[in-house]
Amino acid sequence: MERPCGLLTVKNTPVPLKSISVEIEVKGFVADVCASLEYKNEEAEPVEAVFVFPMDSDAAVYNFQAMVDGKAIVAVIKEKEKAKDDYDDAISSGHQAFLLEENSSSSDIFTCTVGNLPPGQSASVSFSFVQELAIEADGAVRFVLPAVLNPRYTPTGAQSPSVTQEIPRVQQVPYTLALTAQIQSVHTISRVQSNCGLTALQYLNENNTAAKISLADGHRFDKDVELLIYYQDVHTPNALVEAGFESTGQGTLMGDPTVMVNIYPSFPEKPSLFSAGEFIFLMDRSGSMACQMSENYSDVGPTRIQSAKETLLLLLKSLPLGCYFNIYGFGSTFNSFFPESIEYTQQSMKTALKKLEGIDADMGGTEILQPLSAIYSRPCKAGHPRQLFVFTDGEVSNTKMVIDEVRKNAHSHRCFAFGIGEGASTQLIKGIAKAASGNAEFITGKERMQPKVLQSLKFALQPAASGLSIDWELPAGLEAVLLSQPPTVIFNGQRSIIYAQLKGKLDPSLEGAMFLKYSLGEEHVQNSIRFKLQPGKSVRSTIHRLAAKKMIEALESGSERDAKDTKERIVQISTQANIVSSQTAFIAINKDLNQPLQGPLVRRNVPLSMYRVRQVRMCAAVTRMPGGSCAPVVGSGSMLPFRMKSGRLAFQGVSGAMFEATCEADSFCPGESPALKLIALQNADGSWSPDSSLEPLLGLKPQQSSQCLPRQDIDLTVWTTILAVIWLHAFSADTKDEWELLVNKSLSWIKAKAGSNLGECIKAGSDLLKCTVDPRVFGL
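For the structure given in this document, a descriptive report is provided here. (Residues numbered from 1 in each chain as written. Predicted model: local features only at pLDDT ≥ 70, side-chain atom pairs only at ≥ 80, totals over all residues. Heavy atoms only, no water.)

Some thoughts on the pairing of strand E27 (residues 439-443)
On a regular strand, each side chain points to the face opposite its neighbour's, so the side chains alternate between the two faces of the sheet. Within E27, four of the five residues are buried, which leaves it mostly tucked inside the rest of the structure. Where strand E26 (residues 413-420) meets E27, five bridges bridge the pair, whose relative direction is parallel. In the sheet register, Ile420 faces E27, and the bridge partner there is Ile443. For the handedness criterion, the β-α-β arrangement of E26, helix H6 (residues 426-435) and E27 is classed as right-handed. (Buried < 20%, exposed > 50% of the residue type's maximum accessible area, 1.4 Å probe, protein only. Helix = DSSP H or I, 4+ residues; strand = E, 2+ residues; numbered from the N terminus. Pairing = 2+ DSSP bridges. Right-handed = clockwise from strand over helix to strand, strands pointing away.)

Topic: helix H9 (residues 564-577)
If you check H9, its first and last C-alpha atoms are 20 Å apart, about what 14 residues at 1.5 Å a residue would give, namely 20 Å. Every buried residue of H9 is accounted for by Thr566, Ile570, Val571, Ile573, Ser574 and Ala577. Across the axial projection of H9, the buried residues extend over an arc of 165°, all falling on one side. Summarising the geometry of H9, the exposed residues directed more than 90 degrees from the buried face are Lys564 and Asp565. Where H9 is buried, its residues contact strand E6 (76-79), helix H8 (542-556) and strand E33 (584-590). Once H9 finishes, Asn578 follows within two positions and takes phi at roughly 60°, a positive value. (Expected span 1.5 Å × (residues − 1). Arc of directions from axis to C-beta. Contact = heavy atoms within 4.5 Å.)

Quick look at the packing of H8 against H9
Taken N-terminus to C-terminus, the directions of H8 and H9 make an angle of 170°; their axes are 10 Å apart at the nearest point. One way to sum up the angle between H8 and H9 is to call them roughly antiparallel. Note on element contacts: H9 touches H8 through Thr566, Arg569, Ile570, Ile573, Ser574 and Ala577, opposite Arg545, Ala548, Met551, Ile552, Leu555 and Glu556. (Axes fitted to C-alpha atoms, helices over the stretch in contact; angles between N-to-C directions. Parallel < 35°, antiparallel > 145°, perpendicular 65-115°, else oblique.)

Brief notes about the sheet that holds strand E29 (residues 478-482)
Pairing is antiparallel across the open sheet formed by four strands, whose spatial order is E19-E20-E30-E29. Looking at which strands have only one partner, the edges of the open sheet turn out to be strand E19 (238-242) and E29. Strand after strand, the sheet turns through a mean of 25° between neighbouring axes, direction not considered. As defined by bridge partners, E29 adjoins strand E30 (residues 496-504) across five bridges and the pair is classed as antiparallel. Bridge pairing in E30 places Glu479 opposite Lys503. Against the sheet, H8 contacts E19, strand E20 (258-263) and E30, and its axis sits at roughly 75° relative to E20.

Concerning empty space enclosed by the protein
Within the structure shown, the criterion is met by four cavities of 30 Å³ or more. The volume enclosed by the largest cavity comes to roughly 190 Å³. Listed by contribution, the elements that provide at least two residues to the lining of the largest cavity are strand E1 (17-27), strand E2 (30-40), strand E3 (47-54) and strand E9 (122-132). With three residues, the top contributor of residues to the lining of the largest cavity is E3. Residue composition of the lining of the largest cavity, by class: 16 nonpolar, no polar and no charged. (1 Å grid on protein atoms, 1.4 Å probe; cavity = no way out; pocket = protein on both sides within 12 Å on 5 of 7 lines; lining within 4 Å. Points joined across faces, edges and corners; volume = space filled by probe spheres on them. Nonpolar A, V, L, I, M, F, W, Y, C, P; charged D, E, K, R; others polar.)

Details of the packing of aromatic side chains
Summed over all chains, the structure comprises 18 aromatic pairs. Ring geometry for Phe325 versus Tyr344: centroids 5.8 Å apart, planes at 80°, classification edge-to-face. Linking Phe325 in strand E22 (residues 324-330) with Tyr344 in the loop between strand E24 (342-343) and helix H3 (346-356), this pair joins segments that are 19 residues apart in sequence. Each member of the pair, Phe325 as well as Tyr344, carries the same accessibility label: buried. On the numbers, 5.1 Å between centres and 25° between planes, the contact of Phe389 with Phe416 is stacked. With Phe389 in strand E25 (residues 386-392) and Phe416 in strand E26, the pair connects residues that are 27 residues apart, well separated along the chain. (Phe/Tyr/Trp six-rings, centres within 6.5 Å; stacked < 30°, edge-to-face > 60°.)

As for helix H5 (residues 399-408)
The periodicity of an α-helix, 3.6 residues per turn, causes residues three or four places apart in sequence to face the same way. Looking at H5, one finds that the buried residues are Thr399, Val402, Ile403, Glu405 and Val406. End-on, the buried residues of H5 take up no more than an arc of 155°, which puts them together on one face. Exposed residues pointing more than 90 degrees away from the buried face of H5 are listed as Met401 and Lys408. Buried positions along H5 lie against helix H4 (369-377), E26 and H6.

Quick look at the sheet that holds strand E32 (residues 523-532)
Taken in spatial order, the three strands of this open sheet run E28-E31-E32, and their pairing is antiparallel. Because the sheet does not close on itself, it has two edges, and the strands there are strand E28 (466-473) and E32. Ignoring strand direction, the axes of neighbouring strands in this sheet form an average angle of 15°. Bridge count between strand E31 (residues 511-520) and E32: 10 bridges; the pairing is antiparallel. Residue pairing in the sheet places Leu520 in a bridge with Glu523 of E32.

Description of the environment of Lys736
Considering the arrangement of structural elements, one finds Lys736 in helix H14 (residues 736-754). The exposure class assigned to Lys736 is partly exposed, which follows from its relative accessible area of 36%. It is 8.7 Å that separates the C-alpha atoms of Lys736 and Pro451, two residues lying 285 residues apart in sequence.

Considering the pattern of salt bridges
Applying the stated criterion across every chain yields a total of 32 salt bridges. Put simply, Asp56 and Lys430 hold a salt bridge, and the shortest N to O gap is 2.9 Å. Placement of Asp56 in the loop between E3 and strand E4 (60-68) and of Lys430 in helix H6 is noted, with a sequence separation of 374 residues between them. Ionic pairing is found between Glu136 and Lys452, a salt bridge with its closest N-O pair at 2.5 Å. Here Glu136, found in the loop between strand E10 (134-135) and strand E11 (141-145), pairs with Lys452, found in helix H7 (residues 449-461); they are 316 residues apart in sequence, far enough to count as distant. (Salt bridge = Lys/Arg side-chain N within 4 Å of Asp/Glu carboxyl O.)

As for a negative patch on the surface
Judged by side-chain charge, Glu79, Glu81, Asp85, Asp88 and Asp89 come together as a negatively charged surface patch. If you tally residues by element for the negative patch, the top one is helix H1 (residues 80-92), at four residues. (Patch = residues over 30% accessible without salt bridge, like charges linked within 9 Å, V, L, I, M, F, W, Y side chains within 5 Å. Areas by Shrake-Rupley, 256 points an atom, 1.4 Å probe, with all protein chains shown as cover. Lys, Arg positive; Asp, Glu negative; His and termini not counted. Charge placed at Lys NZ, Arg CZ, Asp CG, Glu CD.)

Things to note about the packing of H7 against H14
Relative orientation of the contacting elements H7 and H14 amounts to 40°, with a least axis distance of 8 Å. Judged on the interaxial angle alone, H14 and H7 are oblique. Considering the relative orientation of H7 and H14, their crossing is left-handed. Seen from H7, the contacting residues are Gln450, Pro451, Leu454, Leu457, Lys458 and Leu461; seen from H14, they are Asp737, Glu738, Glu740 and Leu741. Residues of the contact of H7 with H14, tallied by class, amount to five nonpolar, one polar and four charged. (Left-handed = near helix turned anticlockwise from the far one by under 90°.)

Remarks on the environment of Lys80
Looking at the secondary structure, you find Lys80 in helix H1. Expressed as a C-alpha distance, the spacing of Lys80 and Ala585, which sit 505 residues apart in the sequence, is 4.9 Å. If near-sequence neighbours (up to four positions away) are discounted, Lys80 is found in contact with Glu101, Glu102, Ser104, Ser581, Ser582, Gln583, Thr584 and Ala585. A polar atom in the side chain of Lys80 sits 2.8 Å from the backbone oxygen of Glu102. (Polar contact = N/O pair within 3.5 Å; in protein donor to acceptor, adjacent residues only side chain to side chain.)

Some thoughts on unusual backbone geometry
Even without being glycine, Asn208 reaches a positive phi, approximately 60°. Mapped onto the elements, Asn208 comes out in the loop between strand E15 (202-203) and strand E16 (210-214). At Asn578, a residue that is not glycine, the phi angle is positive and equals roughly 60°. Mapped onto the fold, Asn578 is located in the loop between H9 and E33. Residue classification places Asn578 among the partly exposed positions, given a relative accessible area of 22%.

Dropping the structure here:
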């Protein structure tokens, strides 16, 4: 029987949501978005339409209104329970009501409820939100309109299931998305890329600082829409002063001017990386990690667990000798590679890689709280700052409890979090990173996880700045009052954003300055930015609302968040700035509709795209079946069981027959990438030992490397390591950000071992591999 497109109900009733249109206004590093939802009731009785949808946890939602029969009904923001009571009272009185609220358990889930939609009537609901835009490692400014809201795992002992469990799922959503983006910047707009089909980029002025772009017609909103905007000189510090509303009065949050400062800390010199540290990698091994990295592309890509394993290989090869490490896996239960963190040596690395081969998405649910508690219960290693790396697809319902656990132990570690795949909870990933002064990254679509994770490892190896403070230089009679919390951690070259209210007399012809002060070891450092005090006018009060959102976030995450005074303060800020919070909601009532209900309203939940684990194909160069085909994975979608046996990879095909393929790496078979295969052979100290499996990867014949030694007194391991480094620079330069750290280990090892023969070896190696590498790569 064919399943109809629409609600998964017994009566197979149609869905009232017909289309979504989105208008985006991007100004530099901020997006202001207006979304309109078109509803129509095609049933014979009044309905209540409920749409549960994802939202970035940093977004400030404002300006909710409905349009019915040409009449605009503007919502007001009220204390949440009062808004819900007003909604119920309106419905019971025969009126029409509209409610927009943030989910009580997670700030990245919202619910829009349209109550008492009569038969045949159409209604349009619109709301706006504003959010800061992240800057990617390649300099792209990233905007994501989330569509995917996967069912979130409800941990054992939870009082109630996640709201995501109630959402109906369909193979194809029955509503379309139209999206247009207007982009403005002080920088030249170089290009815009997307994971969805776009119209051609249309520049709106001669200097290419304003542009327009749209989604192709007929887009089904079944995957996140990502825009990557590339500006020239993206890492230039800047400050924006926004005028307040005169009607709200001077001295108030929305009445005074607000400044938003984007600053990029610049350490005096390229800092040397620490060789000490305790690195703990916590990997999600729940069943959802068997999904492909993107569920919406026709070509077959790696699964989330495969990509995570490949990333762990690079991490293990990039760690400095003498540090400590451990790897945890979690699902319904958890385990670790070692009873406690172990010193990083050649033997411990080999042991970890051997264990890594057996990792799979086979541990059930997503119980992340228990392994975190177990990690924190272990004492830290003296002299080795703890760095926690968390990999998860972020599908849990006890998000706030997890963040609280990380925050409670923030004094003992830094946390770097990675959201894998579409639908990862932005509140969870950003929340735990903020709570423990780390960094958050999201990997979706066709993105590679490896460069983002290795960038975070570079951050973790940087010396920690201490004693952070902010000072201002302003004209007499003007003071800056911080609205956002001052930064607790900074990384070299990574943006920090500060919001402040400018109180007093402002002369727009003058300038101000902000100073970020901190210490690196015994050195005192100061970064500064000067800016004009001329305030720009904004009808939407974008910067004011972002600042108010930061104030609310600080209160909602504080230790006194459940106190009455705190809740009242949240309601006060939320009401002043007209943005939704955990304690408030938007309510709009149409009293023109006066139709007493005959019995309860029929509830219609708007469906989202089907959550599924597709059939996965595991096809690596080392795992070919006879005839060159790949062994498909069938059933639930988990990866095929495989194991290493005497240097060979064994797995079971669909027919049940066992196939084997050679893999000479110590204990981990990487994918098809020759660079990964080469990296898998590297030793913990950064060297490459002479090995028969190495020469084919370098494009050499057996024993050709040893026969081409420039001098017979040169150590073979030194020569082999130089060849490997030359090859990576010459033939895998496009993935340098993934292998840069491990090659830095190699260069340090070479300099200590090669002596005066280094220049001669580099020339001979380049000739042998038929390539050219700048000797400065080796420090010459």
